[in-house]
Amino acid sequence: MSRTLPSLGVSPNIPLKNKYDAGGQKRYLNLHEYQSLSLMKKAGMTTQNGAVARTPEEARTVAETLVNNSPGCDLIVKAQIHAGGRGKGSFSNGFQGGVQILTDPADVERVSPNMLGVNLVTKQTGPEGQPCNSLLINEGITIVEEYYLAILLDREAGGPVIVASQQGGMDIEEVAESDPDAITVVTMDINTGLTDEQAEKVASKGLGLEDGDLKNQAVRQIKALGQMFLDLDATQIEVNPFAVADDGCLYCVDAKLNFDDNAHYRQGEVFQMRDVSMEDPRDVRAEKSNLNYIGLDGSIGCMVNGAGLAMATMDIIKLSGGSPANFLDVGGGASKEQVAEAFKILTSDPNVKGLLINIFGGIMKCDVIAQGIISAHKEVGLDVPLVVRLEGTNVKEGKAMLENSGLPIITASDLDDAAQKAVSAVNNLG
């Protein structure tokens, strides 16, 4: 079954990759380009010759090997970060371009110090950028045709779909908006995998390839891509461009892979590739402590038990004139150690000017959480206003413990009261 995007109801305002997201609050493993390409090569896809380097000396060695094997070839030096737009990006030291095209291994060694160990800022990273700790040095190829090929999750299909277009090498969202008929979508059954017929349909209709060697290459690699998606529990495999070179070969020139974290237990080799230096340190700390944390840009840090209550707390803060700095769900049975770690994560954000703790004690008893709050306050040496609202099991005992702690803890009677007190305390700081 094949179809074009209009039948899928894609809005020009909704990114294509978001449209095919299965939904839900999940963390997905991201890989660097060199890691993705190594997995694709292992799965049977055709990739350029090259290797990763972490020092200028290693970069020159890789470049020399490429030139020795293919005299006169271009040397493509790519900064490895978890963001797109690298070619037009700029480094925090002023060096321009996260993708350099060179010919001399000496030049590769010369430019590498401008890239390694420096943050690269692109349109996708935010103003702080991401640290570039490695470079991918590839043998350049002369591209004569570019295609787009991806396997993504589609909630309408209830599983993966293959998305293909003859308009590769550009932003697929722009293609979906300007020329949706140029995109072909084919569903894939996770039980049977991708069939020969489906792979041929993607190659002919999606990529516009006629019978011959090039189409045969495409069919083989499309099938390999489908099997890889299933074998590795991927949530996305995007190849852009999927390109024909002047040597008559079809290459995966650039790739982005995502994996479902729920598959960690059976994809150990893949998850060992995780680079936490690309992630928010607070997210990493929260994950280690089994806390559900998402950083935002407000000034009032929130600690709540239960996702729904956490969302409601954030809404009430906003309605009261404040701005939440995060979503943090400590769960139903948080320990004193988890509460202390939550304090540390919240206060590590320089934008946080006050904290609001909103706990409904069911499984988690209010007196236990009160003791955790008191201990964490002392351990962290909290120096911003703290508002606490407790309700539920042993609430009287918990409130008494807070009031008798001798600490500058502001107690609240209900959520409205807590939000108003938190906003007022932050505003009074000036």
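Before any of the text, the structure's been laid out above.
Residues numbered from 1 in each chain as written. Predicted model: local features only at pLDDT ≥ 70, side-chain atom pairs only at ≥ 80, totals over all residues. Heavy atoms only, no water.

Draft legend 1. Main features of the packing of helix α11 (residues 336–347) against helix α12 (residues 366–380). For the pair α11 and α12, interaxial distance at closest approach is 8 Å and the crossing angle is 45°. Relative to α12, α11 is oriented oblique. α11 and α12 meet at a crossing whose hand is right-handed. Contact with α11, carried on its side by Lys 336, Val 339, Ala 340, Phe 343, Lys 344 and Thr 347, involves Ile 369, Gly 372, Ile 373, Ser 375, Ala 376, His 377, Glu 379 and Val 380 of α12 and no other residues of that element. Per-class residue counts for the contact of α11 with α12 are seven nonpolar, four polar and three charged. (Axes fitted to C-alpha atoms, helices over the stretch in contact; angles between N-to-C directions. Helix = DSSP H or I, 4+ residues; strand = E, 2+ residues; numbered from the N terminus. Parallel < 35°, antiparallel > 145°, perpendicular 65-115°, else oblique. Left-handed = near helix turned anticlockwise from the far one by under 90°. Contact = heavy atoms within 4.5 Å. Nonpolar A, V, L, I, M, F, W, Y, C, P; charged D, E, K, R; others polar.)

Draft legend 2. Inspection of α11 at higher detail. Taking 1.5 Å per residue, twelve residues should reach 16 Å; α11 reaches 17 Å between its end C-alpha atoms and fits that length. Burial in α11 covers these residues: Gln 338, Val 339, Ala 340, Glu 341, Ala 342, Phe 343, Ile 345 and Leu 346. (Expected span 1.5 Å × (residues − 1). Buried < 20%, exposed > 50% of the residue type's maximum accessible area, 1.4 Å probe, protein only.)

Draft legend 3. Main features of the nonpolar core. Within the largest apolar cluster, 43 residues are counted, with the highest numbers of intra-cluster contacts made by Leu 39, Met 40, Ile 222 and Phe 259. In terms of residue count, the dominant contributor to this core is helix α7 (residues 213–231) (seven residues). Apart from the residues within four sequence positions on either side, Leu 39 is in contact with Leu 31, Met 228, Leu 232, Leu 257, Phe 259, Val 270 and Met 273. Ala 286, Phe 343, Ala 370 and Leu 390 belong to the second-largest nonpolar core, a separate cluster that totals 32 residues. (Core = buried A, V, L, I, M, F, W, Y, C linked by side-chain atoms within 4.5 Å.)

Draft legend 4. Main features of the sheet that holds strand β4 (residues 75–79). In space, the four strands of this open sheet follow the order β3-β9-β4-β6, with antiparallel pairing throughout. What marks the edges here is a single partner per strand, and that holds for β3 (50–53) and β6 (99–102). On average, adjacent strands in this sheet sit at an angle of 20° to one another, irrespective of strand direction. The strands touched by helix α3 (residues 56–69) are β3, β4 and β9 (135–139); relative to β9, the strand with the most contacts, the crossing angle is about 10°. (Pairing = 2+ DSSP bridges.)

Draft legend 5. The packing of aromatic side chains, seen in detail. Per the counting criterion, the structure on display carries one aromatic pair. Summarising the aromatic geometry, the rings of Phe 91 and Phe 95 are spaced 5.9 Å apart at their centres and angled 45° between planes, so their arrangement reads as tilted. We note that Phe 91, like Phe 95, is buried. (Phe/Tyr/Trp six-rings, centres within 6.5 Å; stacked < 30°, edge-to-face > 60°.)

Draft legend 6. The arrangement of the side chain of Asp 417 in detail. Assignment of secondary structure puts Asp 417 in helix α14 (residues 415–427). With relative accessibility at 18%, the residue Asp 417 sits in the buried group. When residues no more than four places from it in sequence are discounted, the contact partners of Asp 417 are Thr 411 and Ala 412.

Draft legend 7. Geometry of the pattern of salt bridges. Applying the stated criterion across every chain yields a total of 16 salt bridges. Residue Asp 233 is joined to Arg 266 by a salt bridge in which the shortest nitrogen-to-oxygen separation is 2.8 Å. Of the two residues, Asp 233 is situated in the loop between α7 and β13 (234–245) and Arg 266 in the loop between β15 (255–260) and α8 (268–271); the sequence distance between them amounts to 33 residues. On the basis of relative accessibility, which here comes to 17%, the residue Asp 233 falls in the buried class. Its relative accessible area of 51% is what places Arg 266 among the exposed residues. Here Glu 379 ties to Lys 344 by a salt bridge, and the two come within 3.0 Å at their closest N and O atoms. Of this pair, Glu 379 sits in helix α12 while Lys 344 is found in helix α11, placing the two residues 35 residues apart along the sequence. According to the relative accessible area criterion, Lys 344 is partly exposed, its value standing at 29%. (Salt bridge = Lys/Arg side-chain N within 4 Å of Asp/Glu carboxyl O.)

Draft legend 8. How the structure looks around α3. The terminal C-alpha atoms of α3, which comprises 14 residues, lie 20 Å apart, in line with the 20 Å expected from a rise of 1.5 Å per residue. Among all positions of α3, only Pro 56, Ala 59, Val 62, Ala 63, Leu 66 and Val 67 are buried. All buried residues of α3 project into a common sector of 135° when viewed along the axis, lining one side. Of the exposed residues in α3, those oriented more than 90 degrees away from the buried face are Asn 68 and Asn 69. Buried positions along α3 lie against β3, β4, α4 (105–111) and β9. (Arc of directions from axis to C-beta.)

Draft legend 9. Region of the structure containing the environment of Val 270. As for its placement among the helices and strands, Val 270 is situated in helix α8. Remark: the alpha-carbon pair of Val 270 and Gln 371, spanning 101 residues in sequence, is separated by 41 Å. Ignoring anything within four residues of it in the chain, the contact list for Val 270 reads Leu 29, Leu 31, Leu 39, Leu 232 and Phe 259.

Draft legend 10. Structural detail: the sheet that holds strand β5 (residues 90–91). One open sheet accounts for three strands, arranged β5-β7-β8; its pairing is antiparallel. Single-partner strands in this sheet number two, and they are β5 and β8 (130–132). Note that strand β7 (residues 118–121) and β8 share three bridges and pair antiparallel. Looking across to β8, one finds that Leu 120 is bridged to Gln 130.

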